[in-house]
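# Results of the structural survey
Each chain is listed here by its residues.
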Amino acid sequence: MDTTTTEIAPDIYRFSTYFDAANLVMNQYLVDGDEPLLFHLGYRALFPTVSDAVGRVVPLERLRWLAFGHVEADECGSMASWLAASPNAEVAHGALACFVQVGDLADRPPRPLQDGEVMELGERRVRQIDTPHVPHGWDACLMFEESTSTLLCGDLFTAFGRQPAVTDADVVGPALQAEEMGNPTALTPTLTPTLWSLADLGATTLAPMHGPAFTGDCRAALHDLAAAYGERFDAECDRLGRD
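These lines cover the structure that appears in this document, whether it is placed above or below. (Residues numbered from 1 in each chain as written. Predicted model: local features only at pLDDT ≥ 70, side-chain atom pairs only at ≥ 80, totals over all residues. Heavy atoms only, no water.)

## Description of the overall build of the protein chain
Rule in force here: Runs of H or I in DSSP of at least four residues are treated as helices and runs of E of at least two as strands, each being numbered from the N terminus. When we talk radius of gyration, it's over C-alpha atoms, and the globule rule is simply 2.2 Å times the number of residues to the 0.38. Throughout this description, buried means an accessible area under 20% of the type-specific maximum (1.4 Å probe, protein chains only), exposed means over 50%, and partly exposed covers the range between.
Check the secondary structure of the protein chain and you find 7 helices and 14 strands. For 243 residues, the compact-globule formula gives about 18 Å, and the C-alpha radius of gyration of the protein chain, at 17 Å, lands near that figure. Based on the C-alpha atoms only, the size of the protein chain along its principal axes is roughly 55 × 35 × 35 Å. Taken over 243 residues, the protein chain has a buried fraction of 52%.

Here's what the structure looks like:
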């Protein structure tokens, strides 16, 4: 497997590895600065190729923060490998998740983040956004890089297949097709309001874990995704009511 590197916004790098068996890309993002942050840590099997790619942008010993959206193998399976290779790095995650599970999984104590807390990385600033069960996982969270208006949006806007690194084409349609294949999104009363609140951030770039970076109308894309999921939620409620 090869990992390709693309600068999707100033000082924000996308490291993308295509999995033939799953027909899916695995993306990890570096926010460079005085205290570089890596968002998504990836499967353990990805560590050699991704760490090599990251090391060509910043030395691994310069990594300061390791973050991810929720506890799953593709998000944090190689956490121990990154901590071993980056002696100055700490894992940063939501406070509740740190208390319940990340503090036990990480080989060094993690930094617990409160919802809305901002981490100063130098010229770049990332804001913690807790999104329980959106798209899935009670510990789910995202990060927003404020100076470039880049939303590190995790499993939102997942798209199967080989994709360009960056696009301004439709990302909602492919996301809904991916939904049909695996139903990964938790249909809860908070899903649509959470997507609306993400739209209000004013992102100009969306950086998903499993798809191309999106530089089109991010607000409209999030609103359209919210509307589609709202319809699914209402339909499921109607079905349960009938049953």
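## Comments concerning unusual backbone geometry
Cis geometry is adopted by the peptide bond preceding proline 135, which originates at valine 134 and carries an omega value of -5°. As for its position among the elements, proline 135 is in the loop between strand S9 (125–130) and strand S10 (141–145). A positive phi angle, near 70°, is found at aspartate 11, a position not held by glycine. Looking at the secondary structure, you find aspartate 11 in the loop between strand S1 (3–9) and strand S2 (12–19). Phi is positive for phenylalanine 157, which is not a glycine, with a value near 65°. Here phenylalanine 157 shows up in the loop between strand S11 (150–154) and strand S12 (166–167). You can call phenylalanine 157 buried: its relative accessible area is 6%.

## A word on the side chain of histidine 93
Summarising the element assignment, histidine 93 is placed in strand S6 (residues 90–94). A residue is classified by how much of its surface remains accessible, and histidine 93, at 0% relative accessible area, is buried.

## Digging into helix H1 (residues 47–55)
Along an α-helix, residues three or four positions apart point the same way, because every turn accommodates 3.6 residues. Operational definition: Taking the helix axis as origin, the arc is that swept by the directions to the C-beta atoms. Here a residue-residue contact requires only that any non-hydrogen atoms of the pair lie within 4.5 Å.
Residues Phe47, Val50, Ser51, Ala53 and Val54 constitute the buried set of H1. The buried residues of H1 all sit within an arc of 160° when viewed along its axis, so they share a single face. Buried-residue contacts for H1 involve S1, S2, strand S3 (24–31), strand S4 (37–39) and helix H3 (79–85).

## Digging into the nonpolar core
As a rule of thumb, nonpolar side chains are buried together in soluble globular proteins. Rule in force here: In this description, a nonpolar core means a group of buried Ala, Val, Leu, Ile, Met, Phe, Trp, Tyr and Cys residues linked to one another through side-chain atoms lying within 4.5 Å.
Ranked by internal contacts, the top residues of the largest apolar core, which has 28 residues, are Leu41, Val54, Leu66, Trp82 and Val91. Among the nonpolar cores identified, the runner-up in size contains 25 residues, and Val134, Leu142, Leu201 and Ala226 belong to it.

## Some points on the pattern of salt bridges
Our working rule: Note on definitions: salt bridges are taken to be side-chain nitrogens of Lys or Arg within 4 Å of carboxyl oxygens of Asp or Glu.
If you walk through the whole model with that rule in mind, you get 12 salt bridges. For aspartate 11, the salt bridge is made with arginine 124, and the minimal N-O distance between the two is 3.0 Å. Of the two residues, aspartate 11 is situated in the loop between S1 and S2 and arginine 124 in the loop between strand S8 (118–120) and S9; the sequence distance between them amounts to 113 residues. Here aspartate 11 falls in the partly exposed class, since its relative accessible area comes to 23%. Take arginine 124: its relative accessible area is 10%, and that puts it in the buried class. A salt bridge links aspartate 20 to arginine 162; its shortest N-O distance comes to 3.7 Å. In this pair, aspartate 20 is assigned in the loop between S2 and S3 and arginine 162 in the loop between S11 and S12, connecting sequence segments 142 residues apart. Of the two residues, aspartate 20 and arginine 162, neither departs from the other in class, the shared state being exposed.

Nothing here speaks to function; it is all geometry.
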